[in-house]
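Residue-level structure breakdown
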Amino acid sequence: MISKKAKYALKALKVLAEQYGKGPVLISYIAEKEKIPKKFLEAILLDLRNNGVLQSQKGKGGGYLLRMSPAEVNFSKVLRIIDGPIAPALCVSMFFYGKCDDCKDEETCSLRSVLERWRDANLAVLDKTTLNDLLQAENTSKTNLLSQL
């Protein structure tokens, strides 16, 4: 399960993806639009900025904006920045590897191979899913809702 912080990060990034190419977006606008506590959002956006996903501009007309196109920001990058490892155990993590305390031999561990497949299945979706996909999903939802009226 992803954390509430990661969910808020994705919601904030969706707003920034909608505004991509239009200039900086105020934190207060994102917070209000997505119902995210402003102080919590400030910390999230700072993490994303410090990890190269966002840039910020100070002063009048300032705010946050995506550093790259929405098609280049995938879910796995965002989740790693906010929540850390995607893998179900550190021994199969690609970027946060750690040896299991209770494992005698990783090479013969039958659980490890299952955990690797679990990780790979998740990454197959998260690596390929971008902010563009999030925007398309929202537009599809709106279209479906309108067609029901």
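No experiment lies behind these values; they were computed from the predicted model shown.

Reading the values: the criteria
- Residues numbered from 1 in each chain as written.
- Predicted model: local features only at pLDDT ≥ 70, side-chain atom pairs only at ≥ 80, totals over all residues.
- Heavy atoms only, no water.
- Salt bridge = Lys/Arg side-chain N within 4 Å of Asp/Glu carboxyl O.
- Helix = DSSP H or I, 4+ residues; strand = E, 2+ residues; numbered from the N terminus.
- Buried < 20%, exposed > 50% of the residue type's maximum accessible area, 1.4 Å probe, protein only.
- Pairing = 2+ DSSP bridges.
- Core = buried A, V, L, I, M, F, W, Y, C linked by side-chain atoms within 4.5 Å.
- Domains from an automatic or database assignment.
- Contact = heavy atoms within 4.5 Å.

**Thoughts on the pattern of salt bridges**
- Following the criterion strictly, the structure yields seven salt bridges and no others.
- Between Glu-34 and Lys-14 there is a salt bridge, with the nearest N and O atoms lying 3.0 Å from each other. Here Glu-34, found in helix H2 (residues 27-34), pairs with Lys-14, found in helix H1 (residues 4-18); they are 20 residues apart in sequence, far enough to count as distant.
- For Glu-34, a relative accessible area of 11% corresponds to the buried category.
- With a shortest N-O distance of 3.3 Å, Lys-33 and Glu-18 are connected by a salt bridge. One end of the pair, Lys-33, is in helix H2; the other, Glu-18, is in helix H1, and 15 residues separate them in sequence.
- Overall, Lys-33 belongs to the partly exposed group, its relative accessible area being 33%.

**Examining the pairing of strand S1 (residues 54-57)**
- Pairing geometry for S1 and strand S2 (residues 63-66), over four bridges, is antiparallel. Bridge assignment links Gln-55 to a residue of S2, and that residue is Leu-65.
- Connecting the antiparallel pair S1 and S2 is a turn made up of five residues, with Gly-59 showing a positive phi of about 85°.

**Here's the deal with the nonpolar core**
- Counting 34 residues, the largest nonpolar core has Leu-13, Leu-16, Leu-45, Leu-48, Leu-54 and Leu-66 as its most contacted members.
- When residues of this core are traced back to their parent elements, those giving at least two are H1, H2, helix H3 (38-50), S2, helix H4 (75-83), helix H5 (110-126) and helix H6 (131-147).
- Looking at this core, the element that brings in the most residues is H1, giving nine residues.
- A domain split of this core shows at least three residues from each of domain 1 (4-66) and domain 2 (74-129).
- The contact partners of Leu-48, leaving out residues within four places of it in the chain, are Ala-9, Leu-13, Val-53, Leu-54, Val-78, Ile-81 and Ile-82.
- Membership of the second largest hydrophobic core comes to five residues, among which are Ala-87, Ala-89, Cys-91 and Leu-115.

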